[in-house]
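If you want the building blocks of each chain, they are given just below.
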Amino acid sequence: MDKERKLTESQERVLDALVEIESKGQIPTYRELQKYLGYNSVATVYSHVKKLEHLKYVKTDSKARSIKLVSTYLNKFPLVGTVHAGEPTVAVEEIESFLPFPIDTRKHPHAFVLKVKGDSMIDAHIEDGDLVIVDPDLPVGLHDFCVAVIEDEATVKQVEKMKDGLYLVPKNPKYKPIFITRETKIIGKVIAVYRSIVK
């Protein structure tokens, strides 16, 4: 980061919070950001945001929900083919394009994007055509959503424990859980889901 755009620790904390909030598809008010960060004063948050705006990390206007990351701060992640949210489909590893998202590459340097195909995760609000951001560096535990590869086929599911072991569980009663074996390869944890208005 150049000296002109160097941030204080507090400013970086506010920027990190904005990245995390916007990665969930939300635009916070100053008061919501204050509560999120645990500050006692809205004025403190306002001061930090205005400094970030001066440094061209964010932009604001007169609307209540107006704190937005500037497009140049959006980081680009590789779109790596299609992942099936139904019966597993062939895992495609070739990079198709790079897409911008408000996710911090400092925390997720190897994250990538996969497009969901199918309806097996609709009860978890992951629908056909959605884009999932996957981090291969994060550990996947119980109840986490992940992308797994089974015999060179990829699928997005939730990890759950049953009587006889761990399963990749769909969120649609039409589909059956997939038992996790030694051949099952968990390739990453789903950290965000994005939906385009036009699919």
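Above: the structure in question.
Residues numbered from 1 in each chain as written. Predicted model: local features only at pLDDT ≥ 70, side-chain atom pairs only at ≥ 80, totals over all residues. Heavy atoms only, no water.

(A) How the structure looks around the packing of aromatic side chains. Taken as a whole and judged by the stated rule, the model has 2 aromatic pairs. Taken together, a centroid distance of 5.2 Å and an interplanar angle of 50 degrees make the contact between Tyr30 and Tyr46 tilted. Of this pair, Tyr30 sits in helix α2 (residues 30–37) while Tyr46 sits in helix α3 (residues 42–54), placing them 16 residues apart in sequence. Given the relative accessible area of 16%, Tyr30 is considered buried. Judged by centre distance (5.2 Å) and plane angle (65 degrees), the ring pair of Tyr167 and Phe179 falls under edge-to-face. Of the two residues, Tyr167 is situated in strand β10 (residues 165–169) and Phe179 in strand β11 (residues 178–179); the sequence distance between them amounts to 12 residues. (Phe/Tyr/Trp six-rings, centres within 6.5 Å; stacked < 30°, edge-to-face > 60°. Helix = DSSP H or I, 4+ residues; strand = E, 2+ residues; numbered from the N terminus. Buried < 20%, exposed > 50% of the residue type's maximum accessible area, 1.4 Å probe, protein only.)

(B) Representation of unusual backbone geometry in the model. One non-glycine residue, His125, adopts positive backbone phi at about 65 degrees. Following the sequence through the fold, His125 ends up in the loop between β6 (112–117) and β7 (131–135). According to the relative accessible area criterion, His125 is exposed, its value standing at 59%. The phi angle at His143 is positive, at roughly 75 degrees, despite the residue not being glycine. Position of His143 relative to the elements: it lies in the loop between β7 and β8 (145–150).

(C) Structural context of the environment of Ala192. Examined against the element boundaries, Ala192 turns out to sit in strand β12 (residues 184–194). For Ala192, a relative accessible area of 8% puts it in the buried group. For Ala192 and Lys24, which are 168 residues apart along the polypeptide, the C-alpha to C-alpha distance reads 6.8 Å.

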